[in-house]
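Residue-level structure breakdown
Listed here are the chains, written in short residue letters.
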Amino acid sequence: MKKQVIIVGVLVMMAVSFAGAQTPKFGVGFSGGINIPIIQDDQKSGSIFEFRARFSALPFLTIEPKLSFSSYGSPDTFEDIIWDVDGSKITAYGVDGILGGALSGPGFAPFFVAGMGWYKISNDSYETIQDSETKFGFSGGMGFAIGITPKFSIDARAKAHFISWDGGAKKSLALLGGLNYAFGGGI
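Residues numbered from 1 in each chain as written. Predicted model: local features only at pLDDT ≥ 70, side-chain atom pairs only at ≥ 80, totals over all residues. Heavy atoms only, no water.

What about the overall build of the protein chain?
Assigned secondary structure in the protein chain consists of 1 helix and 10 strands. The secondary structure elements of the protein chain, listed N-terminal to C-terminal, are α-β-β-β-β-β-β-β-β-β-β. Counting only contacts in the protein chain whose residues sit at least 6 apart along the sequence, the fraction spanning at least 24 positions is 60%. With the model as given, the accessible surface of the protein chain reaches about 9,800 Å², and the carbon-plus-sulfur share is 68%. (Helix = DSSP H or I, 4+ residues; strand = E, 2+ residues; numbered from the N terminus. Contact = heavy atoms within 4.5 Å. Areas by Shrake-Rupley, 256 points an atom, 1.4 Å probe, with all protein chains shown as cover.)

Details of the pairing of strand β10 (residues 168-183)
Pairing of strand β1 (residues 25-38) with β10 involves 13 bridges; the strand directions are antiparallel. When the bridges of β10 are listed, N35 appears paired with A174. The loop that links strand β9 (residues 152-165) with its antiparallel partner β10 comprises 2 residues; one of these, D166, has a positive phi angle of about 45°. (Pairing = 2+ DSSP bridges.)

Here we look at the environment of A182
For A182, the location among the structural elements is in strand β10. Between the C-alpha atoms of A182 and R54, which are 128 residues apart in sequence, the distance is 8.1 Å.

Quick notes on the nonpolar core
In terms of nonpolar packing, the biggest core is built from 7 residues, these being Y72, I90, A92, Y119, I121, I163 and W165. Elements supplying a minimum of two residues to this core: β6 (89-100), β7 (107-122) and β9. (Core = buried A, V, L, I, M, F, W, Y, C linked by side-chain atoms within 4.5 Å. Buried < 20%, exposed > 50% of the residue type's maximum accessible area, 1.4 Å probe, protein only.)

Remarks on the pairing of strand β3 (residues 61-71)
As paired elements, strand β2 (residues 46-58) and β3 share 7 bridges and run antiparallel to each other. Residue E50 lies in a different strand from β3, and its bridge partner there is S68. Pairing of β3 with β6 involves 11 bridges; the strand directions are antiparallel. Directly across from L67, in β6, lies its bridge partner Y93.

Digging into the sheet that holds β6
Read around the closed barrel, the 8 strands follow the order β1-β2-β3-β6-β7-β8-β9-β10; overall the barrel is antiparallel. Direction aside, neighbouring strands of the sheet carry axes that sit 25° apart on average. (Axes fitted to C-alpha atoms, helices over the stretch in contact; angles between N-to-C directions.)

Some words on the packing of aromatic side chains
Considering all chains together, one arrives at 10 aromatic pairs under this definition. For the ring pair Y93 and W118, a centre distance of 6.0 Å and an interplane angle of 25° mean the geometry is stacked. Here the residue Y93 occupies a position in strand β6, and W118 occupies one in strand β7, the gap between them amounting to 25 residues. Assessed through its relative accessible area of 40%, Y93 is described here as partly exposed. Three or more aromatic residues joined by ring pairs form one cluster here, namely F30, F49, F51 and F69. (Phe/Tyr/Trp six-rings, centres within 6.5 Å; stacked < 30°, edge-to-face > 60°.)

Here's the deal with the pattern of salt bridges
Across all of its chains, the model carries 8 salt bridges by this definition. Residues R52 and E64 are paired through a salt bridge, measuring 3.6 Å at the closest nitrogen-oxygen approach. Placement of R52 in strand β2 and of E64 in strand β3 is noted, with a sequence separation of 12 residues between them. The class of R52 is buried, set by a relative accessible area of 3%. Given a relative accessible area of 0%, E64 falls into the buried group. Across the salt bridge formed by K159 and D96, the nearest N and O atoms sit 2.8 Å from each other. One end of the pair, K159, is in strand β9; the other, D96, is in strand β6, with 63 residues separating them in the sequence. Residue classification places K159 among the buried positions, given a relative accessible area of 0%. Note on D96: relative accessible area 2%, which makes it buried. Residues joined by salt bridges that share partners form a network here, namely E50, R52, R54, E64, K66, D96, D155, R157 and K159. (Salt bridge = Lys/Arg side-chain N within 4 Å of Asp/Glu carboxyl O.)

Rendered as C-alpha cells:
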C-alpha cells in the first residue's frame, strides 16, 4: 500500500512541476448516478455519489483527487436461492487523471478518465463472518463536459471499476452525471 501512495504522490508532483509558467486552475465537482455490477450475481444495481477536487496544471491534463460512496442493491435470488442479504456498501478514495476536456469557457469537451485508489467494501449482513476490507483498485472510462459559463460545466462520464478481491476482482460500471465549478478561470 505504501508503494501505491508513493506512486500517486510522485505523479501529482510531476504534474505540478510540468505546469511551468501556466497558472494552475482549481475547482470542485460532484456527480451522482448508478453503479451496475458486472458478472456479480450476489449484487444488484445501486447508487453512487462522487466528490472531486480538480487541479489542472496542463491544458490537456486534469488531476482529480476523489471520494465516492456507492451501494449495491440486494438481488431477489442468488443461485436459485431466495436471497435475504443487503447489497454491499463501498467507500472509495483515490485520484483520477482526465486526459482532454479541460474547459476554459463554454463548449463541448470529450475526455478519457483513468484512476486508482482504495475501496472499502462492507456489508452489515456479512460482518459476523467477514470484516470490512480495504482493497486497491483501478478505474477507467470516458465522458464529456459541457461548459455553461467559464466557471460551471456539466459533466457526464462512464467508468469501469476493478477492485482486487480474493484472487479475482469485483467489477462494476458507474454511469455518472454532475456539475463542476472552477475557482478563478475555467478548468
